[in-house]
Amino acid sequence: DVKVTQSSRYLVKRTGEKVFLECVQDMDHENMFWYRQDPGLGLRLIYFSYDVKMKEKGDIPEGYSVSREKKERFSLILESASTNQTSMYLCASSFSLAGGTDTQYFGPGTRLTVL
Amino acid sequence: SQQGEEDPQALSIQEGENATMNCSYKTSINNLQWYRQNSGRGLVHLILIRSNEREKHSGRLRVTLDTSKKSSSLLITASRAADTASYFCASSYRYGNKLVFGAGTILRVKS
């Protein structure tokens, strides 16, 4: 079974702190994704990566950066956390398909609260 | 926005009844996927239907795809209390590695 793990289930940080969210997958997937989920807004893509050291902005990249130094690990970084970044953060991974994307496998999520 | 739309936003049914959720998307797709999310958890993949398929079954799930209307439906038959969750459709477009998720349907199955 594919396993996607996230470093924390719950996290509380203060405004202005630098926050690292880690995601690890064990299926040798090329693609990895970071989403945030807010009530009524569904899942919104922050960043994704289709290979080591490669990244692309999603729909809402402002205030975030990412790092993918190894194929299995994808980190989301909040350079200076703000209260409007309080949210559920979901990591996912998938194989690539020609002309589209395959099933995504999700981690359990990290509920981040910024005070 | 590229986001697809789902309806209804919320659905409440009795155990044993069928539940139908609908999804619309915007441009040509490679495939369409359905996911379930239990409260406060990550999403779990349910079923994938390719653009050249019209119907697909998996256990109590039946998915249809109408590319002329750019829409899909998920039917859950003989629902159970354990089916209570949020259900999301996600479109995989022909170019790129992304999925575009709908806002989801909250399903409540009463026992």
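Here the structure is shown first, and the text comes after it.
The rules we used
Residues numbered from 1 in each chain as written. Chains lettered and ligands numbered in written order. Predicted model: local features only at pLDDT ≥ 70, side-chain atom pairs only at ≥ 80, totals over all residues. Heavy atoms only, no water. Helix = DSSP H or I, 4+ residues; strand = E, 2+ residues; numbered from the N terminus. Rg over C-alpha atoms; globule rule 2.2 N^0.38 Å. Buried < 20%, exposed > 50% of the residue type's maximum accessible area, 1.4 Å probe, protein only. Contact = heavy atoms within 4.5 Å. Areas by Shrake-Rupley, 256 points an atom, 1.4 Å probe, with all protein chains shown as cover. Lys, Arg positive; Asp, Glu negative; His and termini not counted. Charge placed at Lys NZ, Arg CZ, Asp CG, Glu CD. Pairing = 2+ DSSP bridges. Axes fitted to C-alpha atoms, helices over the stretch in contact; angles between N-to-C directions. Salt bridge = Lys/Arg side-chain N within 4 Å of Asp/Glu carboxyl O. Polar contact = N/O pair within 3.5 Å; in protein donor to acceptor, adjacent residues only side chain to side chain. Nonpolar A, V, L, I, M, F, W, Y, C, P; charged D, E, K, R; others polar.

A. Layout of the overall build of chain B. When its secondary structure is counted, chain B shows zero helices and 11 strands. Starting at the N terminus, the α and β elements of chain B follow one another as β-β-β-β-β-β-β-β-β-β-β. Computed over the C-alpha atoms, the radius of gyration of chain B is 13 Å, within 12% of the 13 Å expected from 2.2 N^0.38 for a compact globule of 111 residues. Dimensions of chain B, computed from the C-alpha atoms along their principal axes, are close to 45 × 30 × 20 Å. Buried residues in chain B amount to 44% of all 111 residues. When contacts within chain B are restricted to residue pairs at least 6 apart in sequence, those whose partners lie at least 24 apart make up 56%. As displayed, chain B offers around 5,400 Å² of accessible surface, 44% of which is attributable to carbon and sulfur atoms. Charge-centre separation for chain B: the mean point of 15 positive side chains lies 6 Å from the mean point of 9 negative side chains.

B. Representation of the sheet that holds strand β6 (residues 55–58) of chain B within the structure. All names here are of chain B. A sheet is described by the order of its strands in space; here five strands give the open sequence β1-β3-β8-β7-β6, paired in antiparallel fashion. Edge positions in the sheet fall to β1 (5–7) and β6, since each of these pairs with one other strand and no more. Sheet twist, expressed as the average angle between the axes of neighbouring strands with direction ignored, equals 15°. Here strand β7 (residues 61–66) pairs with strand β8 (residues 71–76) via six bridges, running antiparallel. Following the sheet pairing, aspartate 66 is matched in β8 by serine 71.

C. Main features of the interface of chain B and chain A. On the side of chain A, 27 residues touch chain B, which itself brings 24 residues to the contact. For the pair chain B and chain A, the interface holds zero salt bridges. Linking chain B to chain A there are six residue pairs in polar contact (both at pLDDT 80 or more). The class makeup of the residues in the side of chain B that touches chain A is eight nonpolar, 12 polar and four charged.

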